[in-house]
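# Structural description and commentary
The lines below spell out each chain.
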Amino acid sequence: MTDAAAGRVDVHQHIVPSFYRDLLAQAGIAEAGGRELPEWSAEPALEVMDLLGTATAIVSVSTPGTGFLTDPGEAADLARRLNDFSASLAAQHPGRFGYFATLPMPDATASAVEAERALDELEADGVTLLANNQGVYVGAGGQDELWRTLNDRGAVVFVHPADLPAPAVDGIPPFAADFLLDTTRAAYLLVRNGVVRTYPNIRFILSHAGGFVPYASHRMAVAIAGDTGRSPLDVLDDFRGLYYDTALSSSPAALPTLLAFASPGHILFGSDWPFAPAAASQYFANGLDSGVDPGVLQAVNRTNAEALFPRLAGTPATTPARPAPIRLRHTAQRAAARLVFKLVQPGAD
C-alpha cells in the first residue's frame, strides 16, 4: 500500500445485517447475484478496511434490497429498519462508516418518503437504487416524485446492479456478467430519458466502473442520438458526467478505459467487500495502486470523495493503529497480494 493509497474512502462496501439475512432465508434466498450471502459484522469490516488502507466506508445493502417483498408496506418497513440499522452503525463508529439509504423501489412514492426521512433525519450520505427492481429499471417513467425529492437535496445516488429480469444462463453467475449489463441498462435510461439533465443536482455513482458504459459509450450515444434527435456529444457529456467506482474494475484492461472516459474528479474507490472477499478486493486495489500516478491515485482514493461528500474533509484520513501482530499480518498479506497481482498480468516476468 502506497502513501497515496492510505486514507481511502470506499463508496462500494456492503452490509448484511443478521435480521436481513434471516428475512432472506425465510423467503428462500441464500445468495445474491450467484454468490452465497457472506457473513458480515462491523469488526471484520473494519479489519479489511485497515488492510486496504480505507479510512471511511460508505456502506449499502446489495441486491435484492427490499425487492423480494411483494407487499409494498412490508418493503417500506424493511427499508426503514435497514436505514435505522445503518444510521446506528455510523453513529457507533464515527468517521469509519457512512451509508447509502435503502429505498423500497419500485414504489417511487414510498421511496421518496423514505429518502426524505433518511437524508433529512438520519443524515444518510445518499441513497441506493438497484438498477432494476422487480423488472422496473431506474430511469423508466413514473419516478419523477423520487427524482424531485433527491434533486431538491442534491443527493448522491449509488446505482447497484441486481439480477436481470430474465433467467440466468447456466454456467454464467450473474455477478460475473449480468450485473454489468444491468448497470449499463439503468445508465442508458437515465441518460436517454433525460433524468440526468432534468434533475442536475442529483449525483449518480455507477457500480463496477459503470458496467459496460465507458467501453460502449460512443455506441450508446449514437443510438440515443438517433432515437431522440439529440447531439451525440451532448449524450456523451451526460455519460461522462456520471460518477464511477472502481469495485472489481481497476484492472490493466478496464482501468485505462475508465480513466480516459470519465470526467475529471468522477472516479471513486470501491472494494465490494464482503461479496468480494478480501483477496479479490486486494487484487483490484493493487491494480489501482500500480496503474496510475500518485496524483490520480490520491484523487480516486480520497479527494474526489471529499468533493462529493464534504463532511469527509473533516474526518481523519488515516486508519487507527492496530496491535503489532495485526499490523505485521497485514503487511505480509499486502506483500503476497502484490506478488499475486504481478504474476497474473499478461507479459509479466
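That block above? That's the structure.
Not measured: the values here are computed from a predicted model.

Conventions adopted
- Residues numbered from 1 in each chain as written.
- Predicted model: local features only at pLDDT ≥ 70, side-chain atom pairs only at ≥ 80, totals over all residues.
- Heavy atoms only, no water.
- Core = buried A, V, L, I, M, F, W, Y, C linked by side-chain atoms within 4.5 Å.
- Buried < 20%, exposed > 50% of the residue type's maximum accessible area, 1.4 Å probe, protein only.
- Helix = DSSP H or I, 4+ residues; strand = E, 2+ residues; numbered from the N terminus.
- Contact = heavy atoms within 4.5 Å.
- Expected span 1.5 Å × (residues − 1).
- Bend = angle between axes of the 7 residues up to and from the residue.
- 1 Å grid on protein atoms, 1.4 Å probe; cavity = no way out; pocket = protein on both sides within 12 Å on 5 of 7 lines; lining within 4 Å.
- Points joined across faces, edges and corners; volume = space filled by probe spheres on them.
- Nonpolar A, V, L, I, M, F, W, Y, C, P; charged D, E, K, R; others polar.
- Polar contact = N/O pair within 3.5 Å; in protein donor to acceptor, adjacent residues only side chain to side chain.
- Pairing = 2+ DSSP bridges.
- Right-handed = clockwise from strand over helix to strand, strands pointing away.

With 81 residues, the main nonpolar core has Tyr 20, Leu 146, Trp 147, Leu 150, Phe 204, Phe 239 and Tyr 244 as its most contacted residues. Residue contributions to this core peak at six residues, all from helix H2 (residues 42–52). When residues no more than four places from it in sequence are discounted, the contact partners of Tyr 20 are Val 61, Ser 62, Thr 63, Pro 64, Gly 65, Phe 68, Leu 78 and Leu 82. The next biggest cluster of nonpolar side chains, apart from the first, holds 13 residues, and it includes Val 9, Phe 100, Val 156 and Leu 268.

What follows deals with helix H8 (residues 213–228). Because the α-helix completes a turn every 3.6 residues, residues three or four places apart line up on one side. With 16 residues, H8 ought to run about 22 Å at 1.5 Å a step, yet its terminal C-alpha atoms sit only 19 Å apart, falling short of that. Along its length, H8 shows its largest kink, about 40°, at Arg 219. Taken as a whole, H8 has its buried residues at Val 213, Pro 214, Ala 216, Ser 217, Met 220, Ala 221, Ile 224 and Ala 225. Elements that come into contact with the buried residues of H8 comprise helix H6 (178–192), strand E10 (203–206), helix H9 (232–240), strand E11 (243–245) and helix H10 (255–261). Just beyond H8, the residue with positive phi is Gly 229, at close to 80°.

This part covers the layout of surface pockets. Reported here for the largest pocket is a volume of approximately 520 Å³. For the lining of the largest pocket, the secondary structure elements donating two or more residues are H6, H8 and H10. Broken down by class, the residue content of the lining of the largest pocket amounts to 17 nonpolar, eight polar and two charged. Roughly 270 Å³ of internal volume is contained in the second largest pocket. In terms of lining, the second largest pocket is formed by 19 residues, of which the most central are Thr 63, Pro 64, Phe 68, Ala 162 and Asp 163. When residues of the lining of the second largest pocket are traced back to their parent elements, those giving at least two are strand E2 (31–32) and strand E7 (132–133). Along the lines of polarity and charge, the residues of the lining of the second largest pocket split into nine nonpolar, eight polar and two charged.

As for its placement among the helices and strands, His 266 is situated in the loop between H10 and strand E12 (267–268). The class for His 266 is buried, based on a relative accessible area of 14%. A distance of 3.0 Å separates a polar side-chain atom of His 266 from the backbone oxygen of Gly 241. If near-sequence neighbours (up to four positions away) are discounted, His 266 is found in contact with Arg 240, Gly 241, Leu 242, Tyr 243, Tyr 244 and Asn 304.

The element strand E5 (residues 97–102) is largely enclosed, with a buried count of six among its six residues. Where strand E4 (residues 54–60) meets E5, three bridges bridge the pair, whose relative direction is parallel. Across the sheet, residue Ala 57 finds its bridge partner in E5, namely Phe 97. By the bridge criterion, three bridges tie E5 to strand E6 (residues 126–130) in an arrangement that is parallel. Residue pairing across strands places Phe 100 opposite Gly 126, the latter belonging to E6. Crossover connection from E5 via helix H4 (residues 108–120) to parallel E6: handedness right-handed.

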